[in-house]
Amino acid sequence: MSLFPSPDLAKAIPPNTPHSVVHSLPEWKDNVEFAKSNQALFDSLETTYPRFVLHPFVKQFIAPLFTSSSLKLNKKVLSASNAEDGTCCLLFPSRKTADECLSFARRQFPHSSSRFSLRRVTEALNPPLPYEIFAIFFPVDHMESVMKFWTFAGGGVSTRLAEQCLLHNSGVLQPELHIGIPTQADHLFSEYYRKNAPLSSVANAKDAIRMRFSGIMVDGGNIRGVPGVSVDDIYLYPTGMSAVWYSHQLLAGTIGLRNGFETLKTAHVNILYVDSYKLLGLASPGYHFFTNDTIDGLERLLEEGTPERPAILGLFTDFPGNPHLRSADLPRLRALADSYNIPLIIDETVGFHLNVQLLPYADVIVSSLTKVFSGLANVLGGALMLNPTSRFYAEFKAHMVATYEDTYFGNDALVMEANSRGIEKRVSAINHNAEALADMLYLQSSVAGAKDPVIQEVFYPKYQSRENYDRCLNVAAAGAGIVDIGYSCLLSVSFTSLGAAQVFYSALRCYKGPTLGTVFTIATPFTAIAFPPEKMEWVKEHNLEEALVRFSVGVEDTEKLLSTVSEAVKAAKQWAKSLQTK
């Protein structure tokens, strides 16, 4: 597989992939504008991560609601956000999710709550059986705030469901056969899908996803490191962020219901996925933040509580963290959780279960299947897994049985299952390439003692709290067929100056956009896209570097990958040298 230069601004990656979850942002300034929610850029997106911005298919899907006489809305409306009568809407695949959005919106605007409404719009939009669609209508000037629920709870209507309804309503016969995978013979993924045709049964696809995620092997054993692992304890969600959202709802609906626990905050160790903080800012009492260097502070906080009345609602960590790829001391966190009777929730998206064995330490595992599990960046999905040996298992299981609903759209499941076949070989190749790139860049860094460097530091599990990561390496995964257990796909590089980082990024001849875990190498200036200018104070408080480029490494030829990145480093060095001669 070759490396490809990033397409023009706002185009899909890879090209001609309507359901791609990543669009091209080829220059540093493009990322800054995206973080600032530049509307002109948003309007030009050929595709996008559907949580961040309304996907073109979803915008088209919404339009009929504003031409339906039964709804008595403006007939000239073409999208979800430009109704002349001042009304707009968002669509959800279940009444429960729509109710959650409605409750959130009314909390945000208590003085205008009567202007928010929920309607079942299944007949108007005509989805395939047995799916239903519910709409939240609200004033257009509240769109930015209400959109936060769509973004950070991750439960909005699927782009594939929108496309299927659009095809059906335009007269296409058997729209259910169009599941949104590339059909062009020269597409980057055409050969893969020729060899890995999706299943026809949604139920079988979901079963296969759960089995693959569970780590259960053919002989009945499992690579998760815990006895009693069952697919019945794995819950699929439409997005990874939805799995994170419902992990917080799980705590709030169990431990949080106890008398006096309603205002308890959670605690985090190392930087979590950035949207987790935005979620918590919307729908929780808040959080305490700790790092590997301040665990003693976490312990002092926990000492303020007791096992009967703990000081926090739960403890969260991403393993490893993103973008610094630091791994928490899980044995110590597990011991603290046991001592103070608090659940430990671990997001394994980046490390991935074929590389690291985390369930022995976690009460709950969450993961974005969109990333490494899928690998092709053309479908969303998430998973939540309960540890059957957890002291909280009975309570958590009862909550899930009572509250869980499967809103994962069938066509998304069909594509996810097809994408995740042969994942062991793919992960091995990614591990090999990422380590080779990290090693090369580390030797050119200031931290390694390089002469006249433009690279300050390389953030990669091998070079950041390595002992914490290595003790969790999943040696049992060899039994599942993985050849090269390692440090996964992600690494970040900080530069000695913002200018050097910008020149490096511009000179890169690979895909550039905001995602990770893909079969293709893709880079993003993490801080620039994750945080708009007004959030720079938060960035400084959490020691995030502004001059940071994050790589998600793919399966390309190793030497081509290294030479491509070396050329970008060379460009940054030439730029830095030119400043010295002026």
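The following refers to the structure shown.

Reading the values: rules and limits
Residues numbered from 1 in each chain as written. Predicted model: local features only at pLDDT ≥ 70, side-chain atom pairs only at ≥ 80, totals over all residues. Heavy atoms only, no water. Helix = DSSP H or I, 4+ residues; strand = E, 2+ residues; numbered from the N terminus. Buried < 20%, exposed > 50% of the residue type's maximum accessible area, 1.4 Å probe, protein only. Lys, Arg positive; Asp, Glu negative; His and termini not counted. Charge placed at Lys NZ, Arg CZ, Asp CG, Glu CD. Axes fitted to C-alpha atoms, helices over the stretch in contact; angles between N-to-C directions. Parallel < 35°, antiparallel > 145°, perpendicular 65-115°, else oblique. Contact = heavy atoms within 4.5 Å. Nonpolar A, V, L, I, M, F, W, Y, C, P; charged D, E, K, R; others polar. Core = buried A, V, L, I, M, F, W, Y, C linked by side-chain atoms within 4.5 Å. Phe/Tyr/Trp six-rings, centres within 6.5 Å; stacked < 30°, edge-to-face > 60°. Arc of directions from axis to C-beta. Left-handed = near helix turned anticlockwise from the far one by under 90°. Salt bridge = Lys/Arg side-chain N within 4 Å of Asp/Glu carboxyl O. Pairing = 2+ DSSP bridges.

With that out of the way, let us pick up the overall build of the protein chain. Per the secondary structure count, the protein chain includes 21 helices and 15 strands. The dimensions of the protein chain, computed from C-alpha atoms along their principal axes, are 70 × 60 × 50 Å. In the protein chain, buried positions account for 59% of the 582 residues. Between the averaged position of the 51 positive side-chain charges in the protein chain and that of its 58 negative side-chain charges there is a distance of 4 Å.

What follows covers the environment of Gln-108. Relative to the assigned elements, Gln-108 resides in helix H4 (residues 95-108). The sequence separation of Gln-108 and Pro-461 amounts to 353 residues, and the corresponding C-alpha distance is 40 Å.

With that settled, the discussion passes to the packing of helix H12 (residues 295-303) against helix H13 (residues 330-340). Contact geometry for H12 and H13: axes closest at 11 Å, N-to-C directions at 5 degrees. Taken together, the axes of H12 and H13 are roughly parallel relative to one another. Contacts between H12 and H13 involve Ile-295, Asp-296, Leu-298, Glu-299, Leu-302 and Glu-303 from the former and Arg-332, Leu-333, Leu-336 and Tyr-340 from the latter. The residue inventory of the contact of H12 with H13, partitioned by class, reads six nonpolar, no polar and four charged.

Before going further, it helps to examine the nonpolar core. Core analysis: the biggest nonpolar cluster contains 116 residues, and Leu-441 and Phe-551 have the highest contact counts within it. Counting residues per element, this core draws most heavily on helix H16 (residues 423-442), at nine residues. Residues within four places of Phe-551 in sequence aside, it is in contact with Leu-437, Leu-441, Cys-489, Leu-490, Leu-491, Val-493, Phe-504, Leu-508, Thr-521, Ile-522, Ala-523 and Val-565.

With that out of the way, let us pick up the packing of aromatic side chains. According to the stated counting rule, one finds 27 aromatic pairs in the structure shown. Where Trp-28 meets Tyr-505, the ring centres are 6.0 Å apart and the plane angle is 90 degrees; that geometry is what we call edge-to-face. In this pair, Trp-28 sits in helix H1 (residues 28-35) while Tyr-505 sits in helix H18 (residues 498-507), placing the two residues 477 residues apart along the sequence. Considered together, Trp-28 and Tyr-505 belong to a single accessibility category, that of buried residues. Aromatic side chains Tyr-442 and Tyr-463 sit 4.1 Å apart centroid to centroid with 5 degrees between the ring planes, which places their arrangement in the stacked category.

Here we take up helix H14 (residues 393-403). Within H14 the residues assigned to the buried category are Phe-396, Lys-397, His-399 and Met-400. Considered in projection along H14, the buried side chains sweep an arc of 160 degrees and stay on one side of the axis. Those residues of H14 that are exposed and angled more than 90 degrees off the buried face are Ala-394, Val-401 and Ala-402. Its buried side turned inward, H14 meets strand E4 (234-237), helix H10 (240-252), strand E9 (364-368) and strand E10 (382-386).

To continue, consider the packing of H4 against helix H6 (residues 143-153). Where H4 meets H6, the axes come as close as 10 Å, and the angle between the chain directions of the two elements is 140 degrees. The orientation of H4 relative to H6 falls into the category oblique. In terms of crossing hand, the pair formed by H4 and H6 is right-handed. The segment H4 lies against H6, with Thr-97, Glu-100, Cys-101, Phe-104 and Ala-105 engaging Ser-145, Val-146, Lys-148 and Phe-149. For the contact of H4 with H6, the residue count by class is five nonpolar, two polar and two charged.

For Ser-445, the position within the fold is in the loop between H16 and strand E11 (455-459). The class for Ser-445 is buried, based on a relative accessible area of 0%. Residues in contact with Ser-445, not counting those within four places in the same chain, are Ala-450, Pro-453, Ile-455, Gln-456 and Glu-457.

Let us now look at the pattern of salt bridges. Working definition: two side chains of opposite charge can pair if their charged atoms are close together. By the definition in use, this model includes 25 salt bridges. Here the salt bridges share partners, and the residues they tie into one network are Arg-334, Asp-338, Asp-363 and Arg-391.

On to the environment of Val-483, then. Relative to the elements of secondary structure, Val-483 occurs in the loop between helix H17 (466-470) and strand E12 (490-495). Classification of Val-483 by relative accessible area gives exposed; the value is 75%. Taking C-alpha positions, Val-483 is 10.0 Å from Arg-426, a pair spaced 57 residues apart along the chain.

Moving on: the sheet that holds strand E8 (residues 344-347). With mixed pairing, seven strands are arranged side by side in an open sheet as E4-E10-E9-E8-E7-E5-E6. Unpaired on one side and paired on the other, E4 and strand E6 (287-290) mark the two borders of the sheet. On average, each strand axis in the sheet is tilted by 20 degrees relative to the strand beside it, whichever way the strands run. Where strand E5 (residues 266-269) lies against strand E7 (residues 315-318), three bridges are found, and the strand directions are parallel. Bridging from a neighbouring strand, Val-269 pairs with Thr-317 of E7. Along the sheet, helix H9 (residues 202-214) contacts E4, E9 and E10; its crossing angle with E4, the most-contacted strand, is approximately 120 degrees. Taken strand by strand, H14 contacts E4, E9 and E10, and its axis lies near 140 degrees from that of E10.

Here Thr-407 is to be found in the loop between H14 and helix H15 (410-419). Those residues within four positions of Thr-407 in sequence are excluded, and the remaining contacts are Pro-93, Ser-94 and Pro-238.

Once that is clear, we can look at the sheet that holds strand E2 (residues 117-120). Strand order in the open sheet made by the three strands is E1-E3-E2, with antiparallel pairing throughout. Strand pairing shows two members of the sheet lacking a second neighbour, strand E1 (87-92) and E2, which therefore form its edges. Adjacent strand axes in the sheet meet at a mean angle of 30 degrees, parallel and antiparallel pairs treated alike. Where E1 and strand E3 (residues 134-139) come together, six bridges link them in antiparallel fashion. In the strand pairing of E3, Cys-89 is matched with Phe-137. In the packing of H6 onto the sheet, contacts are made with E1 and E3, and the angle to E1 comes to roughly 0 degrees.

A few words now on unusual backbone geometry. Each neighbour pair has its own omega, and for Leu-129 with Pro-130 the value is 5 degrees, a cis peptide bond. Of note, Pro-130 is situated in the loop between helix H5 (122-125) and E3. Despite not being glycine, Ser-37 shows a phi value in the positive range, around 55 degrees. Unlike most non-glycine residues, Ala-377 shows phi in positive territory, near 55 degrees. Mapped onto the elements, Ala-377 comes out in the loop between E9 and E10.

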